[in-house]
Amino acid sequence: MGTTGPPGRTEPTTVLYVHFHAPEGALGEGTYDGLLALLAEVTPVVQALPPDAALMEVRGAVRYFGHDPAELAVLLRVRALARYGADCTVGIAANPTLARMVARDGPPGAVRTLPGGPGREGPDAVAAFMARKPVAALPGVGPATARALCAYGLDSVGRVAEAPLPTLERILGVAAGRRVHERARGIDPTPVTPDARARSMGAEHRFATDELDPGHRRRALLALADGLGARLRGSGQVAQGLKLTVRYADGSSSTRAKSFAEPTAHSPDLIAAAYALHGALGLQRARVRAVALRAERLRDGRAAAHQLSFDPADEKARRVEAVVDRARERFGPGAVGPAAALDVA
């Protein structure tokens, strides 16, 4: 086993960002849950990042197993391949932001770390690593935020790091400006939060080519949300929230989430929320590789109250939905669906 070091000395935090690659298409729900369980065999401090990634804090695991973080990463990769046929890219650093950045664009099988090792990267090494990265590569910086920064010439992480904090606060607002300022300098105090992954249900659509057409993306979201609604109703569950993940051609991604005023499995509610989240990203010329929706914080539909509506259109839509569900149950999930989603590819 490893040692804890001299008395009074605090060992550096070591974070692994693990991005799984499915052998074909998207990871299935069961496969993803199994991969999370595999990570938990190494450390209990695992934070799920659906639909295909996770964070791990392995400081204790390094001591317990007597292996350094890179060796643990290789072990995880071998196990993921052996059990699920899923390869992974692993970034190793002192905090979640740096670990994500190190793993970014890594091919399947890559295990990457910063010079010096987690917790011992000097400020010069971090600055050199971050300097030339495009600002959109920073976790949490979506296309709209990146455009706002680029409009002021802050198109690289290095330039954002050198910009005065008050300038960033004026451009992005106080909270967002401070957060981006810290992340650009490699500072991220956010802990890895272990979770049992709240019950959820997800679906992803990968485009045949990088998609520029917002109309085509909306049709893909329509198909995903409609399918999620059918699966929720079929399992007797309702969702308290919806999360949208958009993955871009450069390997980066944006995530937005919405909580519902009341839990729902009604497809029009899910579709409207998906459209709103997509619109909030402000995508214009973004090259989108995939979109994913996840219905979150699921609960038993029988215990959820539904506010009665006096809108005839809403009541009619729910009756039609029940008929469609019966048709799908009898003839299969592809028997009936939104006409606008038929040409999604």
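Cut-off values and rules
- Residues numbered from 1 in each chain as written.
- Predicted model: local features only at pLDDT ≥ 70, side-chain atom pairs only at ≥ 80, totals over all residues.
- Heavy atoms only, no water.
- Helix = DSSP H or I, 4+ residues; strand = E, 2+ residues; numbered from the N terminus.
- Buried < 20%, exposed > 50% of the residue type's maximum accessible area, 1.4 Å probe, protein only.
- Pairing = 2+ DSSP bridges.
- Axes fitted to C-alpha atoms, helices over the stretch in contact; angles between N-to-C directions.
- Phe/Tyr/Trp six-rings, centres within 6.5 Å; stacked < 30°, edge-to-face > 60°.
- Left-handed = near helix turned anticlockwise from the far one by under 90°.
- Contact = heavy atoms within 4.5 Å.
- Nonpolar A, V, L, I, M, F, W, Y, C, P; charged D, E, K, R; others polar.

Moving on, we come to unusual backbone geometry. If you check the backbone angles, Arg297 has positive phi at about 55° while not being a glycine. If you trace the backbone, Arg297 turns up in the loop between strand 9 (288–296) and strand 10 (299–300). Classification of Arg297 by relative accessible area gives partly exposed; the value is 35%.

With that settled, consider the sheet that holds strand 4 (residues 87–93). Spatial ordering of the open sheet is given by 2-3-1-4-5, a layout of five strands whose pairing is mixed. Across the chains shown, the open sheet's two edge strands, defined by having one partner strand only, are strand 2 (46–49) and strand 5 (111–113). Taken over all neighbouring pairs, the strand axes of this sheet differ in orientation by 20° on average, direction set aside. Note: strand 2 against strand 3 (residues 53–57), four bridges, orientation antiparallel.

Applying the stated criterion to the full structure yields one aromatic pair. When the centroid spacing of 5.0 Å and the interplanar angle of 85° are considered together, the rings of Tyr64 and Phe65 count as edge-to-face. The class for Tyr64 is exposed, based on a relative accessible area of 52%. The class of Phe65 is partly exposed, set by a relative accessible area of 34%.

Relative to each other, helix 10 (residues 214–235) and helix 11 (residues 267–280) sit at 145°, their axes nearing to 8 Å. The handedness of the crossing between helix 10 and helix 11 comes out as right-handed. Residues Pro214, Arg217, Arg218, Leu221, Leu222, Ala225, Asp226, Leu228, Gly229, Ala230, Leu232 and Arg233 of helix 10 pack against Ser267, Leu270, Ile271, Ala274, Tyr275 and His278 of helix 11. Grouping the amino acids of the contact of helix 10 with helix 11 by side-chain chemistry returns 11 nonpolar, three polar and four charged.

We now examine the side chain of Thr97. In this structure, Thr97 sits in helix 4 (residues 96–103). Residue classification places Thr97 among the buried residues on the basis of a relative accessible area of 3%. Setting aside residues no more than four positions away along its own chain, Thr97 makes contact with Pro139, Arg183 and Asp188.

We now examine the side chain of His278. Tracing the sequence through the fold places His278 in helix 11. The contacts of His278, once residues within four sequence positions are left out, are Pro214, Arg217, Arg218, Leu221, Leu244 and Leu283.

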